[in-house]
Amino acid sequence: MKTFNFIRILALPVIALAAAPAFSDEAKLLEEARGVSSAIPPKLLNVLDEEIKKGGPEGAIGVCRDKAPAMAKAASEKSGWAIRRVSLKNRNPKAVPDAWEEAVLKEFDKRAAAGEKPTGLEKGEVVTMDGKKVYRYMKALPTQDLCLNCHGTPDRISPAVQAKLKELYPADKAVGYHAAEIRGAITIKKPL
Ligand code: HEC
């Protein structure tokens, strides 16, 4: 018994040392991912706000349709991270989450239901994709009042916006939201 404990005490720091570099790498990746993912939403929100003030929500549809993917593309090229948006109730037919993203979005919903603030929901993880190690990170995109112009319940979306959305996105699932719900997430990844 005594010998066993002694070995355990000796072995513990060795295990901790061996694990330490991996932990600090992951902490660095998490920090980088936070920086990359937090750059776009505030910019997008500003443009959305401006456009809605100028031409109403109908005129601002193009912002979410063209500017958001364009900003994501530019940020991807600049940072080396692949960036996109996904949702369990997607509007863009391509914004369907893959298995990892779907599990994370469901976990976000659970954590929000358990009382966590939707604005702080994030998840970072090293995963293996097609045999290669990849760092993946997601951050929830919660709704605010402004979003409901285009993602809210029918009484919050003007008939003109409803008509345009129907025309552009016949299979639209991204309506019926209230404020402070999780609309989707920004999802980013980088090969290691
Ligand atoms: C002026 C209308 C409008 C407003 C306001 C708006 N959106 Fe959108 N949203 C859209 C459109 C249109 C798309 C589809 C874009 C595309 O084709 O990629 C979209 C797509 C998204 C997506 C990508 C996933 C999907 O379902 O395709 C997310 C996430 C999203 N919006 C979140 C938000 C949030 C959060 C807000 C508020 C901060 C917001 N949106 C405000 C119109 C809007």
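Use the structure listed above.
A few points on the structure. (Residues numbered from 1 in each chain as written. Predicted model: local features only at pLDDT ≥ 70, side-chain atom pairs only at ≥ 80, totals over all residues. Heavy atoms only, no water.)

## Quick word on the site of the ligand
Threshold: Working definition: residue near molecule or strand if any one of its non-hydrogen atoms lies within 4 Å of it. Polar contact criterion, stated in full: a pair of N or O atoms within 3.5 Å, where within protein one must be able to donate a hydrogen and the other to accept it, and residues adjacent in sequence count only if both atoms are side-chain atoms. Using a grid of 1 Å spacing that covers the protein atoms alone, one calls a set of points a cavity when a 1.4 Å probe fits there but cannot get out, and a pocket when the set is open and has protein on both sides within 12 Å along at least five of seven lines; lining residues are those with an atom within 4 Å of a point. Cavity and pocket membership follows a simple rule, namely that a molecule belongs there if more than half of its atoms are within 2 Å of the grid points. The way it works is that DSSP assigns letters per residue, a run of H or I at least four long becomes a helix, a run of E at least two long becomes a strand, and they are numbered from the N terminus.
Close contacts around the ligand come from 23 residues, with R91, C147, C150, H151 and Y169 the closest. Separating an oxygen atom of the ligand from a side-chain N or O atom of Y169 is a distance of 2.5 Å. Applying the majority rule of atoms within 2 Å of the grid points places the ligand in the largest pocket. Contributions of two or more residues to the shell around the ligand are made by α1 (2-79), β3 (132-142) and α3 (148-151). If one sorts the elements of the shell around the ligand by residue count, α1 sits on top with 8 residues.

## Description of the coordination of the iron atom of the ligand
Selection rule: Distances up to 2.8 Å from the metal define which N, O and S atoms are donors, and 3.2 Å serves for Na, K and Ca; water is absent from the atom set, so sites may look incomplete.
When only protein atoms are considered, the iron atom of the ligand has one donor, H151 (NE2), at a distance of 2.2 Å. Turning to its location among the elements, H151 is positioned in helix α3.

## A look at the packing of aromatic side chains
Basically, it comes down to this: Pairing of aromatic rings covers Phe, Tyr and Trp, the last counted by its six-membered ring, and requires centre-to-centre distances within 6.5 Å; plane angles under 30 degrees mean stacked, over 60 mean edge-to-face, and any other angle means tilted. Only protein chains enter the calculation, and the probe is 1.4 Å; a residue is then buried if its accessible area is under 20% of its type maximum, exposed if over 50%, and partly exposed in between.
In the structure shown here, the tally under the stated rule is 1 aromatic pair. Ring geometry for W81 versus Y135: centroids 6.1 Å apart, planes at 85 degrees, classification edge-to-face. With a gap of 54 residues between them, W81 in the loop between α1 and β1 (82-86) and Y135 in strand β3 connect regions that are remote in the sequence. Y135 sits in the buried class, given a relative accessible area of 2%.

## Points about the side chain of S37
Rules: Whether two residues are in contact is decided by their heavy atoms, any of which lying within 4.5 Å being enough.
With respect to the helices, strands and loops of the structure, S37 is situated in helix α1. Residues in contact with S37, not counting those within four places in the same chain, are Y137, K139, I186 and I188.

## Describing the pairing of strand β2 (residues 122-129)
Inclusion rule: When DSSP finds at least two bridges between two strands, those strands are taken to pair.
With 8 bridges joining them, β2 and β3 adopt antiparallel strand pairing. Note on β3: the bridge partner recorded for E122 is K139. Hairpin remark: β2 followed by β3, antiparallel, with 2 residues in the connecting loop; positive phi at D130, about 50 degrees.

## Some remarks on the pattern of salt bridges
Basically, it comes down to this: In what follows, salt bridge is the name for a side-chain nitrogen of Lys or Arg lying within 4 Å of a carboxyl oxygen of Asp or Glu.
Per the counting criterion, the structure on display carries 14 salt bridges. A salt bridge links R84 to E101; the nearest nitrogen and oxygen atoms lie 3.1 Å apart. Of this pair, R84 sits in strand β1 while E101 sits in helix α2 (residues 99-113); the two residues are 17 residues apart in sequence, bridging distant segments of the chain. The salt bridge partner of D145 is R156, with a shortest N-O separation of 3.1 Å.

## A word on the environment of G152
Mapped onto the fold, G152 is located in the loop between α3 and α4 (159-168). Between the alpha carbons of G152 and V175 there is a distance of 5.3 Å; along the sequence they are 23 residues apart. Those residues in contact with G152, other than ones at most four positions away along the chain, are C147, I157, V175, G176 and Y177.

## A few points about unusual backbone geometry
Positive phi, normally seen in glycine, also occurs at D130, with a value near 50 degrees. The topology assignment puts D130 in the loop between β2 and β3. In this structure D130 comes out as exposed when scored by relative accessible area, which is 81%. Even without glycine at this site, A180 takes up a positive phi of about 65 degrees. In this structure, A180 sits in the loop between α4 and β4 (182-191).

## Overview of the layout of surface pockets
Going by this rule: Grid points are joined across faces, edges and corners, and a volume is the space filled by probe spheres set on the points. Note on residue classes: Ala, Val, Leu, Ile, Met, Phe, Trp, Tyr, Cys and Pro are nonpolar, Asp, Glu, Lys and Arg are charged, and everything else, Gly too, is polar.
Approximately 1,200 Å³ is the volume found for the largest pocket. Every residue lining the largest pocket is counted, 44 residues in all, and those nearest its centre are L44, C64, A68, R85 and L141. Elements with a minimum of two residues in the lining of the largest pocket: α1, β1, β3, α3 and β4. Broken down by element, the lining of the largest pocket gets its largest block of residues, 16 residues, from α1. Approximately 210 Å³ is the volume found for the second largest pocket. Taken together, V36, A39, I40, K43, M71, A74, A75, K78 and S79 make up the lining of the second largest pocket. A breakdown of the residues in the lining of the second largest pocket according to their chemical character gives 6 nonpolar, 1 polar and 2 charged.

Any functional reading would require information that these geometric values do not contain.
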